[in-house]
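Here's the letter readout for the chains.
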Amino acid sequence: MKHELPKLDYLYDALEPWIDAKTMEIHYSKHHQAYADKMNAVLEKYPDLAKKDPIELMKNLSNLPMDEKDKNAFKNNGGGYVNHSLFWKIMGPNAGGEPIGVLGETIKNTFGGFNKFKEEFGKSALGIFGSGWSWLVINQDKKLEIISTPNQDSPLMEGNIPIFCIDIWEHAFYLLRQNRKNEYIDAFWNVANWKKVDEILSSVI
Ligand code: MN3
């Protein structure tokens, strides 16, 4: 069974002016598609694994019955597949502002306020050397935590459940902002879909 890209809930230009339409189009239809295609190519060799949810496979990566070369290819491309699938969901038009509900409360209690959280998350994102992601996860102690991962490594690999993220690969911002990573991170808060993140949090705690 081939895994397909999840449908985008908004148009490519819906996140303008914070994230431009061309970047969204290439990011979704080329980059994400390539991760999906390469993940499917690995899974073709393992029909039993191909039937499973890639999220479950990423959680269990170290124990997957694959040879090492395939496992590494699956880590990179299955990671790219599940990471971007979450990324599109937690962004949206008419978004931004402050998180409310259980999410808002939990962020406040964990980080000492939304602004403190933003500061810490932004620092994590800006501090990534090369390509990677910053995440808000539910860790194994069931607490919110900010972490970052290199390349397309998924928090799932370490038993963390990601609920919010920012893609810090240059392909996520370079067309519009070139080397100005800080501008991209600042703009990103305007597309953060906290309603969706709150739903994701409620579904996993
Ligand atoms: Mn990307």
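What you see is a predicted model, and the numbers here were worked out from it, not measured in a lab.

1. Some remarks on the overall build of the chain
Within the chain one finds 9 helices and 3 strands. Overall, the chain shows an N-to-C arrangement of helices and strands of α-α-α-α-α-α-β-β-β-α-α-α. Here the C-alpha radius of gyration of the chain, 17 Å, is about what a compact globule of 205 residues would show, namely 17 Å. Summarising its shape, the C-alpha atoms of the chain cover approximately 45 × 40 × 30 Å along the three principal directions. Evaluated residue by residue, the chain yields a buried proportion of 50% over its 205 residues. The contacts in the chain between residues at least 6 apart in sequence include a share of 67% that link residues at least 24 apart. Accessible surface, the chain as shown: approximately 10500 Å² in total, 51% of it carbon and sulfur. Of note, the chain has its 24 positive side-chain charges centred 1 Å away from the centre of its 28 negative side-chain charges.

2. Points about the coordination of the manganese ion
At the metal site, the manganese ion is ligated by His 27 (NE2), His 84 (NE2), Asp 167 (OD) and His 171 (NE2), and these contacts range over 1.9 to 2.1 Å. Site description for the manganese ion: donor spacing in sequence, H-x56-H-x82-D-x3-H. Of this pair, His 27 sits in helix H1 (residues 21–43) while His 171 sits in the loop between strand E3 (161–167) and helix H7 (174–177), placing them 144 residues apart in sequence. Of the two residues examined, His 27 and His 171, each falls in the buried class.

3. Overview of the nonpolar core
Nonpolar side chains tend to gather and get buried jointly when the protein is soluble and globular. Formed by 63 residues in total, the largest nonpolar core has its most connected members in Phe 74, Ile 90, Met 91, Phe 117, Ile 163 and Phe 164. Looking at which domains feed residues into this core, each of domain 1 (20–89) and domain 2 (101–204) supplies at least three. Once you skip the residues sitting within four places of it in the chain, Ile 90 turns out to touch Ile 163, Phe 164, Cys 165, Phe 188, Val 191, Ala 192, Asn 193, Val 197 and Ile 200.

4. Notes on the packing of aromatic side chains
Throughout the structure, instances matching the rule amount to 22 aromatic pairs. Taken together, a centroid distance of 6.2 Å and an interplanar angle of 25 degrees make the contact between Phe 164 and Trp 189 stacked. Placement of the pair is Phe 164 in strand E3 and Trp 189 in the loop between helix H8 (181–188) and helix H9 (194–204), with a sequence separation of 25 residues.

The rules behind each value
Residues numbered from 1 in each chain as written. Predicted model: local features only at pLDDT ≥ 70, side-chain atom pairs only at ≥ 80, totals over all residues. Heavy atoms only, no water. Helix = DSSP H or I, 4+ residues; strand = E, 2+ residues; numbered from the N terminus. Rg over C-alpha atoms; globule rule 2.2 N^0.38 Å. Buried < 20%, exposed > 50% of the residue type's maximum accessible area, 1.4 Å probe, protein only. Contact = heavy atoms within 4.5 Å. Areas by Shrake-Rupley, 256 points an atom, 1.4 Å probe, with all protein chains shown as cover. Lys, Arg positive; Asp, Glu negative; His and termini not counted. Charge placed at Lys NZ, Arg CZ, Asp CG, Glu CD. Donors = N, O, S within 2.8 Å, 3.2 Å for Na, K, Ca; no water. Core = buried A, V, L, I, M, F, W, Y, C linked by side-chain atoms within 4.5 Å. Domains from an automatic or database assignment. Phe/Tyr/Trp six-rings, centres within 6.5 Å; stacked < 30°, edge-to-face > 60°.

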